[in-house]
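Take a look at the letters that make up each chain.
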Amino acid sequence: MSRLLNSCTATSPLLLLFLLAWPVCPALAAARAENYGEVLVRTEAEWPDGRARMDQPEMAGVLGETEVQQLQQSLAEAERRGGPYADPLTEPLWSLGRHFLGLGDYAQALSYYSRALQIIRVNDGLYNERQMPLVREILQLYRATGDWRALDDRYDYFFRLYGSGQPPYTELRLRATVEYLRWQREAYRTDVVPGGENRLLHVYQLNKRLLEQMETATEVPWAWHRELVMSQIRNLYLIQSLAEPASEAYLAALPKGVISTPLERQLDPQQQRLQELNRSGVVRGRSLLQAFMARSSRRPARELARLHLELGDWYQWNGHHSSAMESYRQAISLLEQEGDEETIGDWFGEPVELPDNGAFWQENGPEKGQVAQAVFDVSAGGRPRDIRISGNPGSSRLRRHLMAVRFRPAVNAGEARETLGLRREYLLNPR
């Protein structure tokens, strides 16, 4: 995942050759958790962060020849009466766009959609709400064609159309804001359009600004506030996966002439900011979730327990097992008070790969990867052991990545338990 310049590499071939014989960089000595979902994922996995969450428009089916002719006649008549921007042109243009989209003729569909959109803007203004369903269908069209740059541009317009994250915070605007943030992460993870770490920093800073505005925006429903909190947690997972810079002591120990200045000082301000966020990420994630828990103290027990679960998962993925267990116990205690044994079993009955939120998900179908079955044990600390894999020629690669996955361990009577013989089916990303 990391595209930041690794702290133990350099801009010169000399340093690369030297590092092959030098001890492992301290920043990498402690094993990092696998970015679960990026390389391997359970075959049944599905998270909202991996796909568009917008309301799906009701797409009309492919029309018959007679219906198409009638729509063409309606267009000609409406234009004769009202000119090229007459509002009655909108509906037949829209219907024809859907018709050709259904046929897979994307170029023709886009031409009708674009003309309908232009007419709505001329008649109702650039940022009117009537065009929103049409814009959603155009987003779907660009995704279907694989025109990612156009899709990225259209998402920017979509965000502006819904207020650019500014009040008034209607449900429509909040839904669009959350979807825009989701798309930014998808674009960063898949790298289908330029942006790299600058995009990741942008989405983090935008999410941070929105959360700061939420502090005084009393009209924002709790559920949407939670969406923005969890959006920022996913951003922090991505930031935490970036390579840390090498320590000053390590760089100082390199032979003279290998590197003239510490690599971090050679980074541009945006990269330096990401490195700073990387170092403080665990604390930032903890503080964000704890602050939202304080605001949520009067929410139903299951909702508050879910926040403790998210905090526990955040600790566990970052290697703070004892702190994770404290959060897990708090979640279980809240659920026990409600007699919700079913949820306790769902959350803690067996180990769960982390992060369980799609932060790193590369959404692929089985036809794009290799499917394998794995049988293994998971320790009370949430680490896989004794992995046996079948059905995959890339088993050594899968084993290597699976060994680095951190799990939420099974928890019984407030204590983490070892799990033996866990069976899972995974999809291994071919990339």
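Residues numbered from 1 in each chain as written. Predicted model: local features only at pLDDT ≥ 70, side-chain atom pairs only at ≥ 80, totals over all residues. Heavy atoms only, no water.

## Quick look at the overall build of the protein chain
No. 1: If you tally the helices and strands in the protein chain, you get 16 helices and eight strands.
No. 2: Taking all 431 residues of the protein chain together, 51% fall into the buried category.
No. 3: Residue pairs at least 24 apart in sequence account for 71% of intrachain contacts in the protein chain once pairs closer than 6 positions are excluded.
No. 4: With an accessible surface of roughly 20200 Å², the protein chain has 50% of that area assigned to carbon and sulfur atoms. (Helix = DSSP H or I, 4+ residues; strand = E, 2+ residues; numbered from the N terminus. Buried < 20%, exposed > 50% of the residue type's maximum accessible area, 1.4 Å probe, protein only. Contact = heavy atoms within 4.5 Å. Areas by Shrake-Rupley, 256 points an atom, 1.4 Å probe, with all protein chains shown as cover.)

## Let's talk about the sheet that holds strand E4 (residues 384-390)
No. 1: Across the sheet, four strands lie side by side as E1-E8-E3-E4; this open sheet has antiparallel pairing. The open sheet is flanked by strand E1 (40-42) and E4, the only strands paired with a single partner. Within this sheet the neighbouring strands show an average axis-to-axis angle of 40°, counted without direction.
No. 2: Judged from the five bridges that link them, strand E3 (residues 370-378) and E4 form a sheet pairing that is antiparallel. (Pairing = 2+ DSSP bridges. Axes fitted to C-alpha atoms, helices over the stretch in contact; angles between N-to-C directions.)

## Focus: helix H7 (residues 148-161)
No. 1: The first and last C-alpha atoms of H7 sit 19 Å apart over 14 residues, in line with the 20 Å expected at 1.5 Å per residue.
No. 2: Every buried residue belonging to H7 is among Ala150, Leu151, Asp152, Arg154, Tyr155, Tyr157, Phe158, Phe159 and Leu161, and all of these are buried.
No. 3: Among the structural elements, helix H5 (106-124), helix H6 (132-145), helix H8 (171-190) and helix H9 (196-214) are those in contact with the buried residues of H7.
No. 4: Note on H7: the residue one or two positions beyond its end, Gly163, has a positive phi of about 100°. (Expected span 1.5 Å × (residues − 1).)

## A few points about the pattern of salt bridges
Close approach of charged atoms lets side chains of opposite charge pair.
No. 1: Using the criterion set out here, one finds 27 salt bridges in the structure.
No. 2: Linked through salt bridges whose partners overlap, the residues forming this network are Arg42, Glu44, Glu350, Glu353 and Arg424. (Salt bridge = Lys/Arg side-chain N within 4 Å of Asp/Glu carboxyl O.)

## Notes on the packing of H6 against H7
No. 1: It is the contact of H6 with H7, at a shortest axis distance of 9 Å, that shows an interaxial angle of 160°. Here H6 is positioned roughly antiparallel relative to H7, judged by the angle of their axes. For H6 against H7, the interelement crossing comes out left-handed. Contacts between H6 and H7 pair Met132, Val135, Arg136, Ile138, Leu139, Tyr142 and Arg143 from the former with Trp148, Ala150, Leu151, Arg154, Tyr155, Tyr157, Phe158 and Leu161 from the latter.
No. 2: Residue classes in the contact of H6 with H7 are distributed as 12 nonpolar, no polar and three charged. (Parallel < 35°, antiparallel > 145°, perpendicular 65-115°, else oblique. Left-handed = near helix turned anticlockwise from the far one by under 90°. Nonpolar A, V, L, I, M, F, W, Y, C, P; charged D, E, K, R; others polar.)

## Re H8
Residue pairs three or four apart in sequence face the same way in an α-helix, which turns once every 3.6 residues.
No. 1: Taking 1.5 Å of rise per residue, 20 residues should cover 28 Å, and H8 covers 28 Å from first to last C-alpha, within 8% of that figure.
No. 2: Just beyond H8, the residue with positive phi is Asp191, at close to 55°.

## Focus on the confidence of the model for the protein chain
No. 1: Across the protein chain, pLDDT averages 85, with 82% of residues at or above 70.
No. 2: Segment residues 1-30: pLDDT under 50, and 64 contacts once partners within four positions in sequence are set aside and those in other chains are kept.
No. 3: Segment residues 246-251 is flagged for pLDDT under 50; beyond a separation of four residues in sequence, or across chains, it makes 14 contacts in the model. (pLDDT = per-residue confidence, 0-100.)

## Quick word on the packing of aromatic side chains
No. 1: Counted by the stated rule, this structure contains 13 aromatic pairs.
No. 2: Here Trp47 and Trp361 contribute two aromatic rings whose centre-to-centre distance is 5.4 Å and whose plane-to-plane angle is 85°, an arrangement assigned as edge-to-face. In this pair, Trp47 sits in the loop between E1 and helix H3 (65-82) while Trp361 sits in the loop between strand E2 (352-354) and E3, placing the two residues 314 residues apart along the sequence.
No. 3: The class of Trp47 is buried, set by a relative accessible area of 8%.
No. 4: Seen from their ring centres, Tyr328 and Phe348 are 5.5 Å apart, and the 70° between their planes marks the pair as edge-to-face. Remark: Phe348 occurs in helix H15 (residues 341-348) and Tyr328 occurs in helix H14 (residues 321-337); sequence separation between them is 20 residues. The two residues Tyr328 and Phe348 agree in class, both being buried. (Phe/Tyr/Trp six-rings, centres within 6.5 Å; stacked < 30°, edge-to-face > 60°.)

## Points about unusual backbone geometry
No. 1: In the segment running from Pro167 into Pro168, the intervening peptide bond is cis, with an omega of 5°.
No. 2: Summarising the element assignment, Pro168 is placed in the loop between H7 and H8.
No. 3: A cis amide bond, omega 0°, links Leu354 with the succeeding residue Pro355.
No. 4: Positionally, Pro355 belongs in the loop between E2 and E3.
No. 5: Its identity is not glycine, yet Asp386 carries a phi of approximately 50°, on the positive side.

## Let's talk about the packing of H7 against H8
No. 1: Where H7 contacts H8, the axes come no closer than 10 Å and their chain directions differ by 155°. Looking at the two axes, H7 sits roughly antiparallel to H8. Of the two possible hands of crossing, H7 and H8 adopt the one that is left-handed. Contact residues: H7 offers Trp148, Leu151, Asp152, Tyr155, Asp156, Phe158 and Phe159, while H8 offers Ala176, Thr177, Glu179, Tyr180, Arg182, Trp183 and Gln184.
No. 2: Of the residues in the contact of H7 with H8, the class split is eight nonpolar, two polar and four charged.

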